[in-house]
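Geometric and topological summary
Spelled out from the first residue to the last, the chains are:
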Amino acid sequence: MGTLAVLHASQLVTLASPKRPRLEHEMRDLAIIEVGGMLIRDGTIAAVGSSDEIARNLPDACEVADAGGRVVLPGFVDAHAHPVFAGDRLDDFERRAQGDSYEQIAAAGGGIWSTVEKTRAASDIDLFDQAKKHASWFLKCGTTTVEAKSGYGLTVDDELKILRVIRRLNDETPLEFVPTFLGAHAIPHEDRQSPQRYVDLVINEMLPRVAKEKLAEFCDVFCEQGYFDIEQSREISTAAKKLGLKLRIHADQLSNSGGAKLAGELKATTADHLEKTEEEGIAAMKSGGVQPVLLPGSVYALGSTCYPRAREMIEARLAVVIATDFNPGSSPSPSMPMMLSLACTQMRMSPAEAITASTINAAHSLGRGDKIGSLEPGKLANFSIFDCDDYREIAYYFGFPQTHSVYVRGRCVYRSPLQMG
Ligand code: NIG
Ligand code: FE
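Figured I'd write up the structure that's included with this text. (Residues numbered from 1 in each chain as written. Chains lettered and ligands numbered in written order. Predicted model: local features only at pLDDT ≥ 70, side-chain atom pairs only at ≥ 80, totals over all residues. Heavy atoms only, no water.)

**Structural notes on the coordination of the iron ion (ligand 2)**
The coordination sphere of the iron ion (ligand 2) contains the protein donors His80 (NE2), His82 (NE2), His250 (NE2) and Asp325 (OD), at a distance range of 2.1 to 2.3 Å. Coordination of the iron ion (ligand 2) draws on donor residues from a single chain, spaced H-x1-H-x167-H-x74-D in sequence. Highlighted residues: His250 in strand β9 (residues 246-251) and Asp325 in the loop between β12 (321-322) and α13 (336-346), separated in sequence by 75 residues. Residue His250 shares its accessibility class with Asp325, and that shared class is buried. (Donors = N, O, S within 2.8 Å, 3.2 Å for Na, K, Ca; no water. Helix = DSSP H or I, 4+ residues; strand = E, 2+ residues; numbered from the N terminus. Buried < 20%, exposed > 50% of the residue type's maximum accessible area, 1.4 Å probe, protein only.)

**Quick look at the site of ligand 1**
Residues in close proximity to ligand 1 total 15 residues, the closest being Arg89, Tyr102, Tyr152, Gln253 and Ser330. With respect to ligand 1, the side chain of His82 contributes an N or O atom lying 3.4 Å from an oxygen atom. A distance of 2.9 Å is found between a nitrogen atom of ligand 1 and a side-chain nitrogen or oxygen belonging to His185. For ligand 1, the accessible surface in isolation is 320 Å², of which the surrounding protein chains cover 100%. (Near = heavy atom within 4 Å. Polar contact = N/O pair within 3.5 Å; in protein donor to acceptor, adjacent residues only side chain to side chain. Areas by Shrake-Rupley, 256 points an atom, 1.4 Å probe, with all protein chains shown as cover.)

**A few points about helix α9 (residues 259-266)**
For α9, a buried count of six out of eight residues is recorded, marking the element as mostly surrounded by other parts of the structure. For α9, the secondary structure elements touched by its buried residues are β8 (218-223), α8 (230-242), β9, β10 (270-273) and α10 (279-288). (Contact = heavy atoms within 4.5 Å.)

**Some remarks on the pairing of strand β1 (residues 3-13)**
The side chains of a regular strand alternate between the sheet's two faces. Along β1, 10 of the 11 residues are buried, which leaves the element largely enclosed by surrounding structure. Direction of pairing for β1 relative to strand β2 (residues 32-41): antiparallel, over a ladder of eight bridges. If you follow Leu12 over to β2, its bridge partner there is Ile33. Bridge analysis of β1 against strand β4 (residues 63-74) gives seven bridges, and the strand direction is parallel. Across the sheet, residue Ala9 finds its bridge partner in β4, namely Arg70. (Pairing = 2+ DSSP bridges.)

**Observations concerning the state of the cysteines**
Under the defined criterion, the tally for this structure stands at zero disulfides. Just so you know, Cys344 is unpaired, no disulfide at all, and the nearest cysteine sulfur is the one on Cys388, 13 Å from it. (Disulfide = S-S within 2.5 Å.)

**Section: the sheet that holds β12**
The strand order across the open sheet formed by eight strands is β5-β6-β7-β8-β9-β10-β11-β12, and the pairing between neighbours is parallel. Each of the sheet's edge strands pairs with one partner strand only, and the pair in question is β5 (76-78) and β12. One ladder, built from four bridges, connects β9 with β10; its direction is parallel. Among the inter-strand pairings, Ile249 is bridged to a residue of β10, identified as Ala271. Here helix α7 (residues 195-212) sits on the sheet and contacts β7 (176-184) and β8; the angle it forms with β7, its principal contact strand, is near 150 degrees. (Axes fitted to C-alpha atoms, helices over the stretch in contact; angles between N-to-C directions.)

**Re the side chain of Ser114**
Of note, Ser114 is situated in helix α4 (residues 111-121). Not counting residues up to four positions away in its chain, the partners in contact with Ser114 are Arg89 and Gly109.

**Comments concerning the environment of Pro334**
Mapped onto the elements of the fold, Pro334 is located in the loop between β12 and α13. The spatial distance from the C-alpha of Pro334 to the C-alpha of Leu182 is 19 Å, given a sequence separation of 152 residues. If we skip the residues at most four places from it in the chain, Pro334 touches Trp137, Phe138, Cys141, Thr324 and Phe326.

Set out below in structure tokens:
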């Protein structure tokens, strides 16, 4: 693959060390190298330093990428997304504008179930083609790793179909996809009268197949009234853990129903959403070593103002993560820069905290903190160049892409067509 030198970054945002997620005040320290550079060998970072220093020690036949005084950042790590689904939810979107709530829309035939029907009817080829389009959107926003959940199939065959599409995305796009099994996303309509039958199907048939075929690293549950209650969520998560899957939980999104506490009890890797989580849930996550994954895009798109308590979580020394929750219903945005904007304006996080939460802390939440999420020797050369000279601009300007180019393992996989110099 050869060598590549990146020169003249106005700021090389390295996020180097410690070798664990950043906590509290550490989240504000991005370990920036002003006028920085980086040497990459065979897709791996070999050295970082001042641009001059890297330029002085260029190996023979080294390709050069001139950052031209722009900001260089580790590729965003999106630790919560639902990128494989068929169709859209434009009708839900329009109803919401007329004042209907997420719950009302679901009860009237929209919601998760309407996407399940379309996803069941779609062929694996059509699903893959649509997901590939979504993958290109993530890339355009500077994201290089995406966690990808199943959950719009809700039968053994359809859940496996989605997980296989995720595997194919991983093989055939430049992005790395981290698969999560979310069979417990909703009770399918055929089991509405007997939800326990579906819980048993997830535990006895889906989970063993997923584990046997190594189709997922994590298991997730939508723990919420009307979806999976605490007892059902505990049952499914415990079975998944026994099969070697790590745990993520959709917790306390619509009501403070004890999801964060359950995540703490089960020592889940993450508890996600947490819009309604209070002190007790925060304490439980702390004692269970759980990382909170905050999803401001879903609060925004549902027209709510109830954002999770990011400041309290940071002060409690939780390793906060920010992600898009990209999905057709509650968060149709693949844009991490948009999430940074929301984190700063709505959750009072600083731009540096938001960047930490969407790179190195997110990488740790996916069990990849040793490979991605920061620009350090030995890590994969996954990085993005943004068309600005101060990293804070990425969160400050919003609503248009500032991505200049994106690299995965040292290879340029996206370049903005709008470069004017
Ligand atoms: O994370 N909360 C559950 N799941 C998604 C929404 C999925 C959908 O509406 O299709 C979420 O917000
Ligand atoms: Fe979600």
